[in-house]
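The chain contents come next:
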Amino acid sequence: MIPISWWPKGHQFPLQKALDHAEAEADHTLIQLDRALARGGDHNEIASLSKAATRARHAYYAALNADLAL
């Protein structure tokens, strides 16, 4: 069994709200990354934002896959 690591801690969201939350967080981190790239942010900032955006998108896909598995 795969642990549910994407579920927002401390919240009792229905599955759809959790999915929406994960998607919004993934979109938000990607927007931050795009803005940093557009303004020519330093390498460390861009690398950090890239990792955060990747983790957030993976969390969203994990939530989506869990929803589809139900």
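Residues numbered from 1 in each chain as written. Predicted model: local features only at pLDDT ≥ 70, side-chain atom pairs only at ≥ 80, totals over all residues. Heavy atoms only, no water.

Colleague: Any chance you could break down the overall build of the chain for me, citing the residues and the numbers?
Modeller: On a plain count of helices and strands, the chain comes out with two helices and zero strands. Across the 70 residues that make up the chain, the buried fraction comes to 21%. Across the chain, every contact between residues at least 6 apart in sequence was considered, and the portion connecting residues at least 24 apart equals 51%. Here the chain displays about 5200 Å² of accessible surface, and carbon together with sulfur accounts for 58% of that area. (Helix = DSSP H or I, 4+ residues; strand = E, 2+ residues; numbered from the N terminus. Buried < 20%, exposed > 50% of the residue type's maximum accessible area, 1.4 Å probe, protein only. Contact = heavy atoms within 4.5 Å. Areas by Shrake-Rupley, 256 points an atom, 1.4 Å probe, with all protein chains shown as cover.)

Colleague: Mind laying out helix H1 (residues 15–38), listing which residues take part and the relevant values?
Modeller: Compared with the 34 Å implied by 1.5 Å per residue over 24 residues, the 35 Å span of H1 between its first and last C-alpha is a close match. Of the positions making up H1, those classed as buried are Ala18, Leu19, Ala22, Ala26, Thr29, Leu33 and Ala36. Two residues or fewer after H1 comes Gly40, characterised by a positive phi angle close to 75 degrees. (Expected span 1.5 Å × (residues − 1).)

Colleague: I'd like a description of the side chain of Thr29, backed by residues and values.
Modeller: Along the chain, Thr29 falls in helix H1. Setting aside its immediate chain neighbours within four residues, Thr29 contacts Ala52, Ala53 and Ala56.

Colleague: So what about the pattern of salt bridges? Which residues, and what values?
Modeller: Enumeration over the complete set of coordinates arrives at two salt bridges. Between Asp27 and Arg57 there is a salt bridge, with its nearest N and O atoms 2.8 Å apart. Here Asp27, found in helix H1, pairs with Arg57, found in helix H2 (residues 43–69); they are 30 residues apart in sequence, far enough to count as distant. For Asp27, a relative accessible area of 33% translates into the label partly exposed. Classification of Arg57 by relative accessible area gives partly exposed; the value is 22%. The shortest N-O distance in the salt bridge between Arg39 and Glu45 comes to 2.3 Å. (Salt bridge = Lys/Arg side-chain N within 4 Å of Asp/Glu carboxyl O.)

Colleague: Kindly report on the nonpolar core, identifying the contributing residues and their values.
Modeller: With six residues, the main nonpolar core is built from Leu19, Ala22, Ala26, Ala56, Tyr60 and Ala63. For this core, the secondary structure elements donating two or more residues are H1 and H2. (Core = buried A, V, L, I, M, F, W, Y, C linked by side-chain atoms within 4.5 Å.)

Colleague: Outline the environment of Thr54, supporting the account with residue identities and numerical values.
Modeller: Inspection of the secondary structure assignment puts Thr54 in helix H2. By relative accessible area, which is 40% here, Thr54 ends up partly exposed. As a C-alpha pair, Thr54 and Ala26 span 28 residues in sequence and 8.0 Å in three-dimensional space. In terms of polar contacts, Thr54 uses its side chain to reach the backbone carbonyl oxygen of Ser50, at 2.9 Å. (Polar contact = N/O pair within 3.5 Å; in protein donor to acceptor, adjacent residues only side chain to side chain.)

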